[in-house]
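# An overview of the molecular structure
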Amino acid sequence: MKKIVFIAALMLGALGAKAQDCETIMLPYFGGNADAMYSYPQEKLEWRCAFARAAFYVSDTVPAGAKMHSITEVVAKADGKNLTADFRVDLTTLSYYAYGFKDIQVRYPKGNVTICFPTPSSEHPYLVLRSIDDMYAIADNQNKEGR
């Protein structure tokens, strides 16, 4: 029953305009194991999903103070290969957990650095990775609002 309720909640969430599908962006966190994901405590899963959703946004300009990095520095965890310069951003399926974005974030130990990646093949020329501090704040805020 719990699994059915969770799947229904995921489907309803996916109906939102350009909303990121929790199942899609969370499966990499569990190494693609859907059973492990479904057995994970729901409240924790919802928070981790909110954290992953908070990670990115796209922009037509570079945010003030953002550190620039090439998208080719980012490694796909599934195969260990770097993303290509022509990587196309799709925020509905882009998973923070599927790629080594955190590896780039931790280069800035204070946790308050926004990182920007040129993505000229995408609809918007920049993928912005929020600071870890901002990701936590957004996820915590969404978790409080959901209660």
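Provided above is the structure to which this section pertains.
Residues numbered from 1 in each chain as written. Predicted model: local features only at pLDDT ≥ 70, side-chain atom pairs only at ≥ 80, totals over all residues. Heavy atoms only, no water.

Our focus in this paragraph is the sheet that holds strand β3 (residues 115-118). Overall, mixed pairing links the four strands, which are arranged β1-β4-β3-β2 in an open sheet. Two strands in the sheet have a free side with no partner beyond their single neighbour: β1 (56-59) and β2 (67-68). (Pairing = 2+ DSSP bridges. Helix = DSSP H or I, 4+ residues; strand = E, 2+ residues; numbered from the N terminus.)

Under the definition given, this model contains one disulfide. One disulfide in the model links Cys 22 with Cys 49; its S-S distance is 1.8 Å. Between Cys 22 and Cys 49 the disulfide shows an S-S torsion of about -95 degrees. By sign, it is left-handed. Taken together, the positions of Cys 22 in helix α2 (residues 22-26) and Cys 49 in helix α4 (residues 42-54) put the pair 27 residues apart, joining distant regions of the chain. Taken as a pair, Cys 22 and Cys 49 share a single burial class, namely buried. (Disulfide = S-S within 2.5 Å. Buried < 20%, exposed > 50% of the residue type's maximum accessible area, 1.4 Å probe, protein only.)

For the rest of this paragraph, the subject is the pattern of salt bridges. Enumeration over the complete set of coordinates arrives at one salt bridge. Arg 107 is the partner of Glu 73 in a salt bridge, and the nearest nitrogen-oxygen pair spans 2.8 Å. Of the two residues, Glu 73 is situated in the loop between β2 and α5 (101-105) and Arg 107 in the loop between α5 and β3; the sequence distance between them amounts to 34 residues. Overall, Glu 73 belongs to the partly exposed group, its relative accessible area being 30%. Look at Arg 107 and you get partly exposed, because its relative accessible area is 45%. (Salt bridge = Lys/Arg side-chain N within 4 Å of Asp/Glu carboxyl O.)

Along the chain, Lys 67 falls in strand β2. Each C-alpha atom of the pair Lys 67 and Tyr 108 lies 9.8 Å from the other, and the pair is 41 residues apart in sequence. Beyond its immediate chain neighbours, meaning those up to four positions away, Lys 67 contacts Tyr 108, Val 113, Thr 114, Ile 115 and Cys 116. (Contact = heavy atoms within 4.5 Å.)

Our next topic: the environment of Asp 133. If you trace the backbone, Asp 133 turns up in helix α6 (residues 132-146). Asp 133 sits in the partly exposed class, given a relative accessible area of 39%. The contact partners of Asp 133, leaving out residues within four places of it in the chain, are Lys 110, Gly 111 and Asn 112.

Structural measurements only, silent on function.
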